[in-house]
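One-letter residues, chain by chain:
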Amino acid sequence: MSIKSRFAPSPTGYLHIGGARTALFSWLYARKHGGTFVLRIEDTDLERSTPESVNAILEGMTWLGLEYDEGPFYQTHRFDRYKQVIQQLLDQGDAYFCYCSKDELEAMREEQMANKQKPRYDARCRGRTEPLEGVSPVIRFRNPTEGTVVVEDLIRGRVAFQNTELDDLIIARSDGTPTYNLTVVVDDADMGINYVIRGDDHLNNTPRQMNILKALGFEPPIYAHVPMILGGDGKRLSKRHGAVSVMQYRDEGYLPEAVLNYLVRLGWSHGDQELFSIDEMIELFQLENVNKAASTYNQDKLLWINHQYIMNSDPAHIAHHLSVHMGKLDIDPSVGPNIEEVIVAQREKAKTLVELADTCAFYYRDPSEYNAKTAKKAFVEAAIEPLTRARDGLLVLDDWRREPIHAVLEQVVTELEIGFGQIGMPVRLALTGGAPSPELDLTICLVGKDAATRRIDAAIEYIRSNS
Ligand code: GLU
Ligand code: ZN
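Report follows, based on the coordinates. (Residues numbered from 1 in each chain as written. Chains lettered and ligands numbered in written order. Predicted model: local features only at pLDDT ≥ 70, side-chain atom pairs only at ≥ 80, totals over all residues. Heavy atoms only, no water.)

### Re the coordination of the zinc ion (ligand 2)
Then, number 1: Summarising the metal site, the zinc ion (ligand 2) is bound by the protein donors Cys98 (SG), Cys100 (SG), Tyr121 (OH) and Cys125 (SG), whose distances to it range over 2.0 to 2.3 Å.
Then, number 2: Here the zinc ion (ligand 2) binds 4 donor atoms, and the angle range of 99 to 119° at the metal identifies the geometry as tetrahedral.
Then, number 3: All donors of the zinc ion (ligand 2) come from a single chain, and their spacing in sequence reads C-x1-C-x20-Y-x3-C.
Then, number 4: Tyr121 gets classed as buried once you look at its relative accessible area, which sits at 5%.
Then, number 5: Note on Cys125: relative accessible area 1%, which makes it buried. (Donors = N, O, S within 2.8 Å, 3.2 Å for Na, K, Ca; no water. Tetrahedral: all angles 85-135°; square planar, octahedral: opposite > 155°, others 65-115°. Buried < 20%, exposed > 50% of the residue type's maximum accessible area, 1.4 Å probe, protein only.)

Rendered as C-alpha cells:
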C-alpha cells in the first residue's frame with residue numbers, strides 16, 4: 001500500500017513551530033516510504049481564516065523545503081461535496097436537524113452541571129419529525145449510543161473511547177456550512193489519506209471522526225497523534241517563550257535545515273545523535289520512536305544547532321541564505337570580495353546569519369567609524385609611519401596572496417624596529433573599524449588591494465586630524 005499523508009492547517013494565523021513540526025513529521029513519513037504528501041488548507045471557518053495566513057503557511061512550507069506532492073487543496077472549494085455528504089447522512093438517518101436555541105442549550109448545560117454531570121448535548125432533537133417554524137436548524141451526527149471506538153495510535157498506542165461518552169456533534173452550522181469534524185473526514189477519505197499525523201489536541205476528535213467514516217462506509221486511516229510542545233515553564237508553547245512564526249526564524253538568521261533539525265529532535269530521537277541531515281532524517285525517522293510525552297522548547301539548543309550548521313555547511317549554501325541579511329544591511333555581496341571566502345573566514349563566531357552578516361559587512365564597505373577604545377590605543381601619531389609604509393608596500397604588491405602580504409608587514413616591522421602589534425593593530429582597525437576579523441594577512445587579502453590601501457589612507461588622515 002502506498003502511503004499518503006497530509007498536513008491540514010487552518011489558516012487562522014502564521015505557521016508556528018508546533019504546526020511546522022507536525023508538517024515535518026508527516027512529510028518525513030511520506031518521504032521515507034516513497035509516499036505522497038498532501039497539503040490541505042482547512043479554511044471553512046470563514047470568520048477566522050485569512051488569505052494572509054494562507055500565504056504565511058505556503059511561504060513557511062517553502063522556506064523549510066517541505067514540498068508537497070498534491071495540493072494545496074482548499075476546503076472552501078469543496079462545499080458542494082460536503083453538502084452532498086451531509087445529505088447522504090440525513091438520508092441514511094445518521095444525521096438529524098437540531099432546533100435547540102442557544103438558551104435551551106445553556107439551560108441544558110446548567111442543569112447537567114448542577115447534577116454534577118458532564119455537560120453534553122442530550123440528543124433531544126433525535127426523535128423530532130416536524131421542523132420548528134422560523135428556526136434555521138443545525139445538523140447533528142447521530143453518534144452510536146453503545147460500543148467502544150478503539151484508536152490504534154502509532155504514537156499513543158491503543159486508546160479506547162466509549163460511545164456513551166460522545167454526544168451528537170454538529171456537522172453543519174445553521175447557515176449550512178460544514179464543521180471541521182465532517183470536512184476532515186470527507187477530505188481524508190476522498191483524497192485517499194491513509195496516514196493521519198497530527199497534533200494530539202485532535203485525539204479526542206478521532207473516535208467521532210471514525211464513527212462518521214464508518215457511517216459513510218469508509219475505512220479509517222492509521223492515526224499518529226504527536227504530543228504537544230511546552231515552553232520552559234511547562235505551559236503550552238506560545239509567543240511568550242520566544243516561539244514565533246517560522247518566517248521569523250528566517251528573519252532572525254536561522255538556516256531552514258537547522259530549524260528542521262531542531263524540530264525533528266523535539267519529541268523524536270535516534271540514540272543521542274543531535275545533528276541530522278535531511279537525508280538522515282528521512283532514513284532514520286520512525287513514528288514509533290516519537291515520545292508519548294510532551295517535549296520542551298529550548299531556544300538555546302536551536303541556537304547551538306544553527307551555529308553547527310553555519311560552521312559546517314557548504315559556503316555556497318550559506319551565501320544563498322545570507323544574501324537576504326546582507327541585503328538588509330544594504331550590501332550587495334556580488335560587488336567586492338568573494339562572499340564564500342568571507343563566510344569561511346568569519347563564520348566561527350556567528351550563531352545566526354544576522355550575526356554573520358554583521359561581521360561580514362566590513363569587507364564590503366569602508367568603516368564609517370572606529371571602535372573608540374581601540375582607536376585610542378592604535379591610532380596614535382607613532383602609527384602614521386608604519387601605516388604609510390604598509391600602504392606603500394601593499395600598493396606595489398602584485399602577488400596578492402596571504403604570504404606576500406604578510407611579508408610586506410614583516411618588512412615594515414624590521415625596517416622600523418617595532419613590534420608586530422604596532423603595525424598590526426592600526427592596520428586591522430583601519431580595515432575593519434573594530435569588527436571581529438581573522439588573521440591580519442587573510443583580512444587584508446580578502447578586503448582587496450584597492451579597499452585596503454584606501455582604508456589605510458583614511459586612517460592616516462583620521463590620525464592627523466585628531467592629534
Ligand atoms: N485543521 C486542523 C488544525 O489546524 C488540523 C486537522 C487535522 O490535522 O486533522 O488544527
Ligand atoms: Zn436539539
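### Some points on the packing of helix α8 (residues 256-265) against helix α10 (residues 299-312)
Then, number 1: α10 packs onto α8 with a crossing angle of 135° between their chain directions and a minimal axis gap of 9 Å. As judged from the angle between their axes, α8 and α10 are oblique. Where α8 crosses over α10, the handedness of that crossing is right-handed. On α10, the residues touching Glu257, Ala258, Val259, Asn261, Tyr262 and Arg265 of α8 are Lys301, Leu302, Ile305, Asn306 and Tyr309.
Then, number 2: The residue makeup of the contact of α8 with α10, split by class, is 6 nonpolar, 2 polar and 3 charged. (Axes fitted to C-alpha atoms, helices over the stretch in contact; angles between N-to-C directions. Helix = DSSP H or I, 4+ residues; strand = E, 2+ residues; numbered from the N terminus. Parallel < 35°, antiparallel > 145°, perpendicular 65-115°, else oblique. Left-handed = near helix turned anticlockwise from the far one by under 90°. Contact = heavy atoms within 4.5 Å. Nonpolar A, V, L, I, M, F, W, Y, C, P; charged D, E, K, R; others polar.)

### Structural notes on unusual backbone geometry
Then, number 1: Note that the residue after Gly71, namely Pro72, is joined by a cis bond; omega there is 0°.
Then, number 2: Positive phi values are uncommon outside glycine, yet Lys116 reaches one of about 60°.
Then, number 3: In this structure, Lys116 sits in the loop between α4 (102-114) and β5 (138-141).

### Some details on the site of ligand 1
Then, number 1: In the vicinity of ligand 1, the contacting residues are Arg6, Ala8, Pro9, Ser10, Glu42, Tyr180, Val184, Arg198 and His202.
Then, number 2: His202 is positioned such that a nitrogen or oxygen atom in its side chain is 2.9 Å from an oxygen atom of ligand 1.
Then, number 3: Taking 300 Å² as the accessible area of ligand 1 by itself, protein coverage stands at 81%.
Then, number 4: The residue makeup of the shell around ligand 1, split by class, is 4 nonpolar, 2 polar and 3 charged. (Near = heavy atom within 4 Å. Polar contact = N/O pair within 3.5 Å; in protein donor to acceptor, adjacent residues only side chain to side chain. Areas by Shrake-Rupley, 256 points an atom, 1.4 Å probe, with all protein chains shown as cover.)

### Some details on the pattern of salt bridges
Then, number 1: The full count for this structure, using the stated rule, is 33 salt bridges.
Then, number 2: Arg126 is the partner of Asp168 in a salt bridge, and the nearest nitrogen-oxygen pair spans 2.8 Å. Of this pair, Asp168 sits in the loop between β7 (157-162) and β8 (170-172) while Arg126 sits in the loop between α4 and β5; the two residues are 42 residues apart in sequence, bridging distant segments of the chain. (Salt bridge = Lys/Arg side-chain N within 4 Å of Asp/Glu carboxyl O.)

### Concerning helix α19 (residues 449-466)
Structurally, the α-helix is built with 3.6 residues per turn, so residues lying three or four positions apart point the same way.
Then, number 1: If you check α19, its first and last C-alpha atoms are 26 Å apart, about what 18 residues at 1.5 Å a residue would give, namely 26 Å.
Then, number 2: Among the residues of α19, Ala451, Ala452, Thr453, Arg455, Ile456, Ala459, Ile460 and Ile463 are the ones counted as buried.
Then, number 3: Elements that come into contact with the buried residues of α19 comprise α15 (384-395), α17 (421-432) and α18 (440-447). (Expected span 1.5 Å × (residues − 1).)

### Some points on the packing of aromatic side chains
Geometrically, a pair of aromatic rings is defined through the distance of the ring centres and the angle of the planes.
Then, number 1: In this structure the tally under the stated criterion is 11 aromatic pairs.
Then, number 2: Ring plane angle 80° and centroid distance 6.3 Å describe the contact between Phe79 and Tyr82, whose orientation is recorded as edge-to-face. With Phe79 and Tyr82 both in helix α3 (residues 79-92) and 3 residues apart, this pair spans about one turn of that helix.
Then, number 3: In this structure Tyr82 comes out as buried when scored by relative accessible area, which is 0%.
Then, number 4: Their ring planes at 55° and their centres at 5.2 Å tell us that Trp268 and Phe276 sit as a pair that is tilted. (Phe/Tyr/Trp six-rings, centres within 6.5 Å; stacked < 30°, edge-to-face > 60°.)

All we've got here are geometric facts, nothing functional implied.
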